[in-house]
Amino acid sequence: MRAAEYVRASSAEEAVGLVAGNPDAAFLGGGTNLVDHLKLGVARPDLLVDVRRLPFGGVEQQDGPDGPVLRIGAGVPNSDLAADPVVRGRLPVLARALLAGASGQIRHQATTGGNLLQRTRCVYFQDVTTPCNKREPGSGCSAAGGYGRYNAILGASETCVATHPSDLAVALAALDAVVVTLGTDGERRVPMADLHRLPEDAPERDTTLAHGELVTAVEVPLTDVARRSTYTKVRDRASYAFALVSVAAALDLDGDTVREVRLAWGGVAHKPWRARRAEEALTGAVLDEAGIEAAVAAELSDAVTDDQTAYKVPMLTGATVQTLLDLAAEETA
Amino acid sequence: MTADPVQHTPTPIRVRSVGTRLERVDGLEKVTGRAGYAVEHGADDGFDGALVAWLVTSTVARGRVTSVDTAAAAAHDGVVAVLDHTSAPRLADTDDGELAILQDPQVHFRGQVVALVLAETAESAREAASLVEVSYDVEEHEAELTEEAATYRPDSVNPAFDTDSDTGDVDAALAEAAVVVDEEYRTPHEHNNPMEPHATTAVWRSDGDGEVLDLVDSTQAVHGVASTLAPMLGLEQDQVRVRAPYVGGGFGSKGQPHAHVVAAALAARHVSPRPVRLAVTRQQMFALTGYRTATISRMRLGADADGRLTAIEHRVFEQSSKVKEFAEQTAVPTRMLYAAPNRRTSHRLAMLDVAVPSWMRAPGEMPGVFAHEVAMDELAQACGLDPVELRLRNEPDVDPETGNPWNNRRLPECLHRGAERFGWAGRPAEARATLEGDWWVGTGMAAATYPAYRQGGNAARVTALDGGRYAVAIGAVDIGTGARTVLTQIAADALEVGTDAVDLEVGDTRLPSASVAGGSSGTASWGSTIVAAAQAFRERHGDDPGAGAEVLAEAADDPLGTDVAFHSFGAVFAEARVHRRTGEVRVPRLFGVYSVGRVVNPVTAHSQLVGGLVMGLSAALFEESWRDARFGHVVTQDLASYHVAAHADVRDVDAEWLEESDDAFSPMGARGIGEIGIVGTAAAVVNAAHHATGVRVRSLPVTADHFLGGR
Ligand SMILES: Cc1cc2nc3c(=O)[nH]c(=O)nc-3n(C[C@H](O)[C@H](O)[C@H](O)COP(=O)(O)OP(=O)(O)OC[C@H]3O[C@@H](n4cnc5c(N)ncnc54)[C@H](O)[C@@H]3O)c2cc1C
């Protein structure tokens, strides 16, 4: 047996110290992703620091400098978060994104922090017998030219075409959430948009966090626009499947005209993709199918597709149209 | 036990329990976790202190192993031995290229067994397996099926059908046909993926008269494992004991032993007398335990203006492994499904450096009827005919290929009854006619067929016990189908006692020989044999036998030796919805009506038929083993990337059957039900998706991208 030490940290500071000081150490949340990686040989840490029971706090409303926020402790299970009454009432996109993910059993076990930091599901990343730059920098990318159905169409690089798999992260990107972390230099507040990164020439790094930087909480502004928000996840199998593409959206209309819109996409890039160009195109305009299609096209003008990913453009367009028109209908109803 | 079996011709039984809803006799053990599966056997069963074996598999698709560095693995904590082709015990017979592992340095496909580790725990074994350093001389490999590469003509196709057939003049008939459909249909590689992975516990014992290899295996055929392994190991068949008390599904992939069983036997020989446990991982199953080959079907149908078929041509291109040939009989059902004076079928294989394909639920019928029944839908459209009506117009009076009379071909009744129960009437003739909310809605149908088989090589023993009870023994295997339950019912009725007076024993080579749980033949083959034994027993020992009275018998009748065509039939109806903006496909309704002879137990039969429909639905919408030809292996090699239908996909799925009894086929009146549910189902879904959208998909699975113009 490969021996790895297991430590249940008694404080966040201790956890950070243990992991930051050891390049082969890792935080352990619910383990639904990391334990799979241990079995597959994708991750080979020699120290596991269990952070699931740290007193990160639950789900609480707080007053922030810019208005009320919902503070979510990093250890809150996905299922608890999805069931929280404030989440359900004021951040429906968040509840729906969570419930669209994984299975009931996995959602019970998975933590908020672990969900955001779960790694790509690219089949080559998970198969240690094939080259993968994310797993083994410099070895090559097998996904380009290989099984490509889930590959990125935005922001990919020659070294990596993987997508980020989290549904929760897409919803949080649309909601302008802030991730609170603790590192050796103390606490940091990272906007969701800056948490995950594009692969560029360092695909081994999923996020902008330093090794040993611990996610302690997520703060979600409780805005009015978020009350009318939803999540659309497109997949062949009706449940228990990662997104082919997904759309997190929030909409505030003035009659037919868009006062404010938030749009983030999953399944298209190495990070949740906040579609700011599309938001700009939609804001102040009358909401209709043609306008949404044009806005999506503007955002996708840089998209790069191949035989296996070409479908994502019409699928994402259709899913975005559907999501926004549904929200508009909800609003008028 | 050594007495020769009595030859007895069974006569139809008077049914009492047969046909009723007896609950599974082993249900309690299963739901309470007391049922011991293949690697859940310890000291109580004679497998004390078992070591765990872990397979090391090749990471190249073709070449030679030049060295195996076992030092790090051997030094790992808990490791007892590391075996490779230089150190594994020798096999006496290496003819079977799939099974003759660890005998030479050749690598025939990526994922082949090249070494194995034996350790005290699974964790040690697994870690040490990752420390074994294998070096290769790599050779160029070929792993992609194309029509051009499929040029090899096998001598026969599975199990022993003619490779080609040619009747009349297909080309002339097509040239004259009023309507022609000429299209190509594709199905992907698919993996059986039973819930329980392939797994074996093995120990070599020496009793007084020599060595015995004792196995508990997750198999569909205990005697088949013994007869395959014995000569390879230089043993007599009775020196290999195989038990399979409980098996968590197989779908054909456990019909024959695969390389891991040999690995377990070799490993156990090496560490004898310690037992060895070997469970194949889910990922390894994608290379080691069989799969359905991808198929390319070139179909040409010719018909007159009324839709009467004048020509049927089905040319199949598929693949097998260079190391062992398996030719899926994809075009064989096309030879009998419909009438046409001119018919031609053929099978050509690409022989590739890939894992060995094998049986997967309805080999041949599943991909073949898919192609034929989508083509029939296209023909109905081209002729402006209702798809049900088209099938009715093409009913053959006799088996087209042999000229033999049908034994009760009831496809028309299945079609009529299915149409009525499903609510087929009133369906818009045009495709893309119904939009409900954001979903295009359509309905489709397909015919299903499966041959009725009864296998030879079966014997059953009936022994009188005290108190009016009977022991009934046959080495059949219940792979989760309910065989234990239905054989208890058959035995009870044949003996004319209650089911609670029967102690049925199955799943052990110490019991009388039995054929494989495959080809939908189990119930008919084993059941007929049990009836023969029970009737012979009554003849010999009467109604009030003394305890210990015993008969061992074989069934002497042979329906398949007569000039009658025995087949089961069915009709499948599906509703499909396709999202107009995202292309997502959902199947809210799926319904099949079957003619399968007498249903022995409505509960277990319903499970088999609905299970087949669900597996067909799963193949229609999701299943695809994506082989990366550059590497040579399937990269969607777990259940998170190889999707099978989940609960949310399985909505209103139901099956019914015609009340009937096929007394000419078996004394219970039963044929077989294990496979027909998967046949035609994917075609019905594809046809429904076409009716919903007007988009004709000719390859499986029918994923969302097909409806977005992006594929
Ligand atoms: C079959 C299957 C299907 C799934 N389907 C979906 C799906 O449809 N949608 C979806 O979004 N997800 C899906 N998931 C993924 C699932 O959501 C994640 O595995 C889960 O959210 C990870 O959380 P965890 O707490 O178990 O993380 P762990 O496995 O414990 O950790 C994951 C990573 O996060 C790091 N980590 C954990 N906690 C912290 C912390 N506080 N600070 C810093 N780093 C930390 C770990 O070191 C590790 O690298 C699926 C998973 C499986 C197995």
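Counting of residues starts from 1 at the beginning of each chain's written sequence and follows it residue by residue. Chain A is the first chain written and ligand 1 is the first ligand written, with later ones labelled in order. For a predicted model such as this one, the threshold for reporting local features is a pLDDT of at least 70, and the threshold for listing and counting side-chain atom pairs is 80 or more; totals across whole chains, interfaces and linings nevertheless cover every residue. Side-chain metrics in this entry use all non-hydrogen atoms of the structure; hydrogen atoms and water are not considered.

1. Digging into the overall build of chain A
Here is step 1: By the criteria applied, helices consist of DSSP H or I runs no shorter than four residues and strands consist of E runs no shorter than two, each listed in order from the N terminus. Check the secondary structure of chain A and you find 12 helices and 12 strands.
Here is step 2: Only C-alpha atoms enter the radius of gyration, while the globule expectation follows 2.2 Å times N to the 0.38, with N the number of residues. The C-alpha radius of gyration of chain A comes to 19 Å, within 12% of the 20 Å expected for a compact globule of 333 residues.
Here is step 3: Principal axes of the C-alpha set define a box for chain A whose edges measure 60 × 50 × 35 Å.
Here is step 4: Within chain A, the proportion of its 333 residues that are buried is 57%. Burial here depends on accessible area, computed with a 1.4 Å probe over protein chains only, as a share of the maximum for the residue type. Under 20% is buried, over 50% is exposed, and the range in between is partly exposed.

2. A word on the packing of aromatic side chains
Here is step 1: In summary, the pairing rule links any two rings of Phe, Tyr or Trp, Trp by its six-membered ring, whose centres are within 6.5 Å, and it sorts them by plane angle into stacked for under 30 degrees, edge-to-face for over 60 and tilted for everything else. Applying the stated criterion to the full structure yields 11 aromatic pairs over all chains.
Here is step 2: Residues Trp424(B) and Phe573(B) carry aromatic rings whose centres are separated by 5.4 Å and whose planes lie at 70° to one another, so their mutual orientation is edge-to-face. Of this pair, Trp424(B) sits in the loop between α10 (411–422) and β19 (435–436) while Phe573(B) sits in strand β25 (residues 567–579), placing them 149 residues apart in sequence.
Here is step 3: Residue Trp424(B) is classed as buried on the basis of its relative accessible area, which comes to 6%.
Here is step 4: By relative accessible area, Phe573(B) is classed as buried at 0%.
Here is step 5: Taken together, the ring pairs in this structure connect Tyr147(A), Tyr150(A) and Trp626(B) into an aromatic cluster.
Here is step 6: Cation placement over rings: the criterion is NZ of Lys or CZ of Arg within 6 Å of the ring centroid and within 35° of the ring normal. A cation sits over an aromatic face here: Arg409(B) above Trp406(B), 4.8 Å from the ring centre.

3. Section: the packing of helix α11 (residues 483–495) of chain B against helix α12 (residues 522–541) of chain B
Residues and elements named next belong to chain B.
Here is step 1: Across the interface, α11 lies against α12 with an axial gap of 9 Å and an inter-helix angle of 30°. Taken together, the axes of α11 and α12 are roughly parallel relative to one another. The hand of the α11/α12 crossing is right-handed. Along the contact surface, α11 presents Ala483, Val486, Leu487, Ile490, Ala491, Ala494 and Leu495, while α12 presents Thr523, Trp526, Gly527, Ile530, Val531, Ala534, Phe537 and Arg538.
Here is step 2: Split into classes, the residues belonging to the contact of α11 with α12 amount to 12 nonpolar, two polar and one charged. Axis lines are fitted through C-alpha atoms, for helices just across the contact stretch, and the angle between N-to-C directions can take any value from 0 to 180 degrees. Each angle gets one of four labels, with under 35 degrees taken as roughly parallel, over 145 as roughly antiparallel, 65 to 115 as roughly perpendicular, and the rest as oblique. By convention the crossing between two helices is left-handed if the near helix lies anticlockwise of the far one by an angle smaller than a right angle, and right-handed if it lies clockwise. It only takes one pair of heavy atoms within 4.5 Å for two residues to be counted as in contact. Basically, the charged four are Asp, Glu, Lys and Arg, the nonpolar ten are Ala, Val, Leu, Ile, Met, Phe, Trp, Tyr, Cys and Pro, and anything else, Gly included, counts as polar.

4. Description of the pattern of salt bridges
Here is step 1: One side-chain nitrogen of Lys or Arg within 4 Å of one carboxyl oxygen of Asp or Glu is enough to make a salt bridge. This structure, assessed with the given rule, holds 72 salt bridges over all chains.
Here is step 2: With its nearest N and O atoms 3.3 Å apart, the salt bridge here joins Glu328(B) to Arg292(B). Here the residue Glu328(B) occupies a position in the loop between β17 (309–321) and β18 (342–352), and Arg292(B) occupies one in the loop between α7 (282–288) and β16 (295–303), the gap between them amounting to 36 residues.
Here is step 3: Using a relative accessible area of 0% as the deciding quantity, one classes Glu328(B) as buried.
Here is step 4: When its relative accessible area of 0% is taken as the criterion, Arg292(B) is described as buried.
Here is step 5: Ionic pairing is found between Glu389(B) and Arg393(B), a salt bridge with its closest N-O pair at 2.8 Å. With Glu389(B) and Arg393(B) both in helix α9 (residues 387–393) and four residues apart, this pair spans about one turn of that helix.
Here is step 6: Given a relative accessible area of 30%, Glu389(B) falls into the partly exposed group.
Here is step 7: Judged by relative accessible area, Arg393(B) falls into the partly exposed class, the value being 27%.
Here is step 8: Salt bridges sharing common partners tie together Asp176(A), Glu260(A), Arg262(A), Arg274(A), Arg276(A) and Glu279(A).

5. Let's talk about the domain arrangement of chain A
Accessible area lost on assembly of the parts is the figure often given for the size of an interface.
Here is step 1: The split of the chain into domains comes from an automatic or database domain assignment. Here chain A is described as being made up of domain 1 (1–52) and domain 2 (224–332).
Here is step 2: A separation of 37 Å is found between the C-alpha centroids of domain 1 of chain A and domain 2 of chain A.

6. Remarks on the pairing of β18(B)
Where a strand is regular, its side chains alternate between the two sheet faces.
All names here are of chain B.
Here is step 1: In terms of residue burial, β18 counts as a mostly covered element, since 10 of its 11 residues are buried.
Here is step 2: Here three bridges tie strand β10 (residues 165–167) to β18, and the two strands are oriented antiparallel to one another. Looking at the pairing, Thr167 lines up with Arg343 of β18.
Here is step 3: Only strands that DSSP links by at least two bridges are regarded as paired with each other. When β17 meets β18, the two strands line up parallel, connected through 11 bridges. By the bridge assignment for β18, Gln319 is matched with Ala350.

7. Thoughts on the interface of chain A and chain B
Here is step 1: With 41 residues of chain A at the interface, the matching set in chain B holds 42 residues.
Here is step 2: Together chain A and chain B conceal approximately 3,100 Å² of surface at their shared face, both sides included; 53% is due to carbon and sulfur atoms.
Here is step 3: Here chain A and chain B share three salt bridges between them.
Here is step 4: Arg581(B) is the salt-bridge partner of Glu289(A), the closest N and O atoms lying 3.0 Å from each other.
Here is step 5: By the criterion applied in these results, polar contacts are pairs of N or O atoms within 3.5 Å in which, for protein atoms, one can donate a hydrogen and the other can accept it, and in which residues neighboring in sequence qualify only through two side-chain atoms. At the boundary of chain A with chain B, the tally comes to 18 residue pairs in polar contact (both at pLDDT 80 or more). When two parts are put together, the accessible area they lose, computed with a 1.4 Å probe and summed over both, is reported as buried area.

8. A few points about the environment of Arg52(A)
All names here are of chain A.
Here is step 1: Tracing the backbone shows Arg52 in the loop between β3 (47–50) and β4 (59–64).
Here is step 2: Sequence spacing of Arg52 and Gly212 is 160 residues, and the spatial spacing of their C-alpha atoms is 15 Å.
Here is step 3: When neighbours within four sequence positions are excluded, Arg52 is seen to be in contact with Leu28, Gly29, Gly30, Gly75, His108, Gln109 and Thr111.
Here is step 4: Polar side-chain contacts of Arg52 include one of 3.5 Å to the backbone oxygen of Gln109.

9. Description of the nonpolar core
Residues and elements named next belong to chain B.
Here is step 1: Among the nonpolar cores identified, the biggest contains 99 residues, and Leu118, Leu213, Leu215, Leu229, Leu233, Ile474 and Leu487 are the most heavily contacted of them.
Here is step 2: Per-element accounting of this core gives the leading share, 10 residues, to helix α6 (residues 259–271).
Here is step 3: Setting aside its immediate chain neighbours within four residues, Leu118 contacts Leu51, Val52, Ala53, Gly78, Val79, Val80, Ala81, Ala267, Val271 and Val276.
Here is step 4: Residues belong to one nonpolar core when they are buried, are Ala, Val, Leu, Ile, Met, Phe, Trp, Tyr or Cys, and are joined through side-chain atoms within 4.5 Å. Core analysis: the second largest hydrophobic core is formed by 87 residues, Leu390, Ala446, Val599 and Phe622 among them.

10. Describing the sheet that holds strand β4 (residues 79–84) of chain B
Residue and element names in this part refer to chain B.
Here is step 1: Strand order across the open sheet formed by seven strands is β4-β6-β2-β15-β12-β13-β14, with mixed pairing between neighbours. Here the strands that pair on one side only, and so sit at the sheet edges, are β4 and β14 (240–243). For this sheet, the mean inter-axis angle between neighbouring strands, taken without regard to orientation, is 25°.
Here is step 2: Here strand β2 (residues 51–57) pairs with strand β15 (residues 276–279) via three bridges, running parallel. When the sheet's bridge partners are listed, Ala53 is paired in β15 with Leu278.
Here is step 3: Helix α3 (residues 122–131) contacts β2, β4 and β6 (113–119) of the sheet and is inclined by roughly 20° relative to β2.
Here is step 4: In the packing of α6 onto the sheet, the strands contacted are β2, β4, β6, β12 (199–207), β13 (210–217) and β15, and the crossing angle to β12 comes to about 40°.

11. Remarks on the environment of Glu575(B)
Residue and element names in this part refer to chain B.
Here is step 1: The residue Glu575 is located in strand β25 in this model.
Here is step 2: Residues Glu575 and Thr443 lie 132 residues apart in sequence; the distance between their C-alpha atoms is 4.4 Å.
Here is step 3: Other than its neighbours up to four places away in sequence, Glu575 contacts Phe422, Val441, Gly442, Thr443, Arg586, Val587, Pro588, Arg589 and Ala688.
Here is step 4: At a separation of 3.0 Å, a polar atom in the side chain of Glu575 contacts the side chain of Arg577.
Here is step 5: In this structure the side chain of Glu575 is engaged in a polar contact, spanning 2.9 Å, whose partner is the side chain of Arg589.

12. Description of the site of the ligand
All names here are of chain A.
Here is step 1: The near set for a molecule or strand comprises every residue that places at least one heavy atom within 4 Å of it. Around the ligand sit 30 residues in total, of which Phe27, Gly30, Gly31, Thr32 and Thr111 are the nearest.
Here is step 2: Separating an oxygen atom of the ligand from a backbone N or O atom of Phe27 is a distance of 2.5 Å.
Here is step 3: Between the ligand and Asp167 there is a distance of 2.7 Å, counted from a nitrogen atom to a side-chain nitrogen or oxygen.
Here is step 4: About the coverage of the ligand: the protein hides 92% of its 970 Å² of free accessible area.
Here is step 5: Considered class by class, the residues forming the shell around the ligand number 14 nonpolar, 12 polar and four charged. Note on areas: these come from Shrake-Rupley sampling with a 1.4 Å probe, and a residue is covered only by the protein chains present in the view.

13. Topic: the domain arrangement of chain B
Residues and elements named next belong to chain B.
Here is step 1: Each assigned domain of chain B is listed here: domain 1 (6–35 + 455–557), domain 2 (43–139 + 193–287), domain 3 (145–189 + 290–397) and domain 4 (404–454 + 559–711).
Here is step 2: Domain 2 and domain 4 are separated by 37 Å when their C-alpha centres are compared.
Here is step 3: Each side of the interface is counted separately: domain 2 has seven residues, and domain 4 has 11 residues.
Here is step 4: Summed over both partners, the interface of domain 2 with domain 4 buries about 800 Å², with 68% contributed by carbon and sulfur atoms.
Here is step 5: It is Arg110, Gln283 and Phe286 that lose the most area in domain 2 upon contact with domain 4, and together they represent 65% of the buried surface on that side.
Here is step 6: Remark: the boundary between domain 2 and domain 4 carries zero salt bridges.
Here is step 7: Connecting domain 2 to domain 4 are one residue pair in polar contact (both at pLDDT 80 or more).
Here is step 8: Taken together, the residues of the side of domain 2 that touches domain 4 break down into three nonpolar, two polar and two charged.

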